[in-house]
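Chains, contacts and geometry: an overview
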Amino acid sequence: MAARRAIASAKMMTTTSSSSPLSSKTRTNATKSIVTLVASSSASFSSSAFAQTTPPLSRNNRDNRTNGSTMTSFSGTWTSRRRGARDASSSSSSRCFTATATSATTGCRRRSGFREASSVIARSYASSSEKKLLVAAPMVYVAGEEMTKYVMDLVKEKWIAPAVDTSKWEHFDLSAKNRDETNDQVLKDVVTAGFKLKAIFKEPTITPTADQVKRLGLKKTWGSPNGAMRRGWNGITISRDTIHIDGIELGYKGPVLFERHAVGGEYAAGWKNVGRGTLKTTFIPKDGPDAGKEIVVDERECKDEISAVVTYDNAYDNVHNLAKFFFERCLEAGVKPYVVTKKTVFKWQEPFWKIMKDVYDSDFKAKFIAQKIVAEKDAELVHLLSDAATMKLVQWTQGNFGMAAHNYDGDVLTDELAQMHKSPGFITSNLVGVAPDGTYIKEFEASHGTVTDMDEARLRGEETSLNPLGMVEGLIGAMNHASFTHDTKENHKKMVDFTTSIRNIMHKLFREGKGTRDLSGPSGATTEQFIDRVANELKKNRA
């Protein structure tokens, strides 16, 4: 478990708007309701999704907001109590929690499948600070498991909590155990909350194997949550970019941007093993002059005793949005764009290329010329076969290019990109969707997994040295996007200044040989030492 977790008693206070402050008498009465944080031996449950229900702030009401509750995960019991005080507009009761706390606490919760009243604030002494905290904009924080969860718990405790009020964040536990206990309701809640707030950070999670199902006592093998997120947020792309540290050469000298189409392809394929016979693929349109009629897409003879029949489709409606997003990013980064397909063989990939080229020619070609990213004589959008792209990733070590590809090709090519740029720990992974109003929904995570082997070593009491850079870049991206989406320009600048300071401190320590052992060698810092070194530098900045 994370080091130095706070076990605290917190007084519950009713949240009120700034126009209706509590009187001192009412405030005194309010403190009579106390959440006692003790372990419970009966009616216990494992932590699920805890979230405050503050709605996203529009640009018109950003300065008229109230703080929600600070969220965390618990094990314990709930009992119903009437609040000691409430504002004039509220007469509801809340449910109070008797628990073992792992960090800052909340008096109310939203567990997968139901909501608790959320007008009670519980404040822990562990998160108190004399200096005014920077208030983080609303976003979704999705907790995972194993080594990466341990590290991110430390990051939140030692880097974020001393400087930032995260009470507007909605927290969810997407561990395999909790998905099992909630029958995956927690995943549905994550998708709903992400759609509302549009900014999400997700820790690495496991997709359990058969062995893990048995070891963890799960009811079934739960699939990857990524498909539900991509569908729920109208995912258009998974952006995977190289992370660079000034003064340290990792792989590519300049930035490499990659867009992987977020939907379609083999990942959602239907399949069946069949014997000899006739295979007919049919389609029945819902609209148009042939609506209701059966159209034969393909018909062939299966002549072998065993054949695998596979069917899938590639959705192209959102490729226009993907193209716009890709070319905008290449313009901003000053890199040349390339589109990757295998359309010479897979003829059905031709529409992907055509849509990308049409958007480039009509909306971006002149801009790339004006910014001198491409010369006018070489301004045509370049197509790369996927085979050629594989080689170019090895050859173009100078960087300064971007690629966009179908779902499967993008998956394979970005794995190669990660290996060329030292490891997956130095590659970002951001799911980008488009909301009905045209704004972006962005989910940020690391491109690596939960690092099971290192977690097992830690639990055996051995030293570990996990570089948190990829995960922290994801957290920084989510905090910045949340601020951009919900904050005033002034507050957004303050948040970007803070998150940039975290990045700069990490880079400085790596350059000085004080980083984790993947970059600093055997004499490098342990996991905990590196966390503490960054925390100390941040503390100096606040002084």
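Criteria and cut-off values
Residues numbered from 1 in each chain as written. Predicted model: local features only at pLDDT ≥ 70, side-chain atom pairs only at ≥ 80, totals over all residues. Heavy atoms only, no water. Patch = residues over 30% accessible without salt bridge, like charges linked within 9 Å, V, L, I, M, F, W, Y side chains within 5 Å. Areas by Shrake-Rupley, 256 points an atom, 1.4 Å probe, with all protein chains shown as cover. Salt bridge = Lys/Arg side-chain N within 4 Å of Asp/Glu carboxyl O. Buried < 20%, exposed > 50% of the residue type's maximum accessible area, 1.4 Å probe, protein only. Axes fitted to C-alpha atoms, helices over the stretch in contact; angles between N-to-C directions. Helix = DSSP H or I, 4+ residues; strand = E, 2+ residues; numbered from the N terminus. Parallel < 35°, antiparallel > 145°, perpendicular 65-115°, else oblique. Contact = heavy atoms within 4.5 Å. Nonpolar A, V, L, I, M, F, W, Y, C, P; charged D, E, K, R; others polar. Phe/Tyr/Trp six-rings, centres within 6.5 Å; stacked < 30°, edge-to-face > 60°. Lys NZ or Arg CZ within 6 Å of the ring centre and 35° of its normal.

Section: a nonpolar patch on the surface
- A grouping of Trp271, Val310, Tyr312, Val345, Phe346 and Trp348 is seen on the molecular surface, where their side chains present a nonpolar patch of about 630 Å² in accessible area.
- Judged by relative accessible area, valine 345 falls into the exposed class, the value being 52%.

With respect to the packing of helix H2 (residues 146–160) against helix H11 (residues 452–459)
- At their nearest, the axes of H2 and H11 sit 6 Å apart, and the two run at 70° to each other. Relative to H11, the element H2 is oriented roughly perpendicular. Between H2 and H11, the contacting residues are Glu146, Met147 and Tyr150 on the first element and Thr452, Met454, Asp455 and Arg458 on the second.
- Its residues assigned to classes, the contact of H2 with H11 shows three nonpolar, one polar and three charged.

Some thoughts on the environment of asparagine 541
- Tracing the chain through its elements places asparagine 541 in helix H15 (residues 527–542).
- For the pair asparagine 541 and phenylalanine 498, spaced 43 residues apart in sequence, the C-alpha to C-alpha distance is 9.8 Å.
- Setting aside residues no more than four positions away along its own chain, asparagine 541 makes contact with Ser501 and Ile505.

Quick notes on the packing of aromatic side chains
- Throughout the structure, instances matching the rule amount to 15 aromatic pairs.
- A centroid spacing of 5.1 Å and a plane angle of 75° characterise the contact between phenylalanine 325 and tyrosine 440, whose relative ring orientation is edge-to-face. Taken as a pair, phenylalanine 325 in helix H7 (residues 319–333) and tyrosine 440 in strand E24 (residues 440–446) lie far apart in primary sequence, 115 residues in all. Residues phenylalanine 325 and tyrosine 440 agree in their burial class; the two are buried.
- Consider the rings of phenylalanine 327 and tyrosine 360, whose centres lie 5.3 Å apart with planes at 55°: the pair is tilted. Here the residue phenylalanine 327 occupies a position in helix H7, and tyrosine 360 occupies one in helix H8 (residues 350–370), the gap between them amounting to 33 residues. Neither phenylalanine 327 nor tyrosine 360 differs from the other in exposure class; each is buried.
- Among the aromatic residues, those joined into a cluster by ring pairs are Phe326, Phe327, Tyr360, Phe364 and Phe368.
- One Lys or Arg, lysine 220, reaches over the ring of tryptophan 222 and ends 4.6 Å from the middle of that ring.

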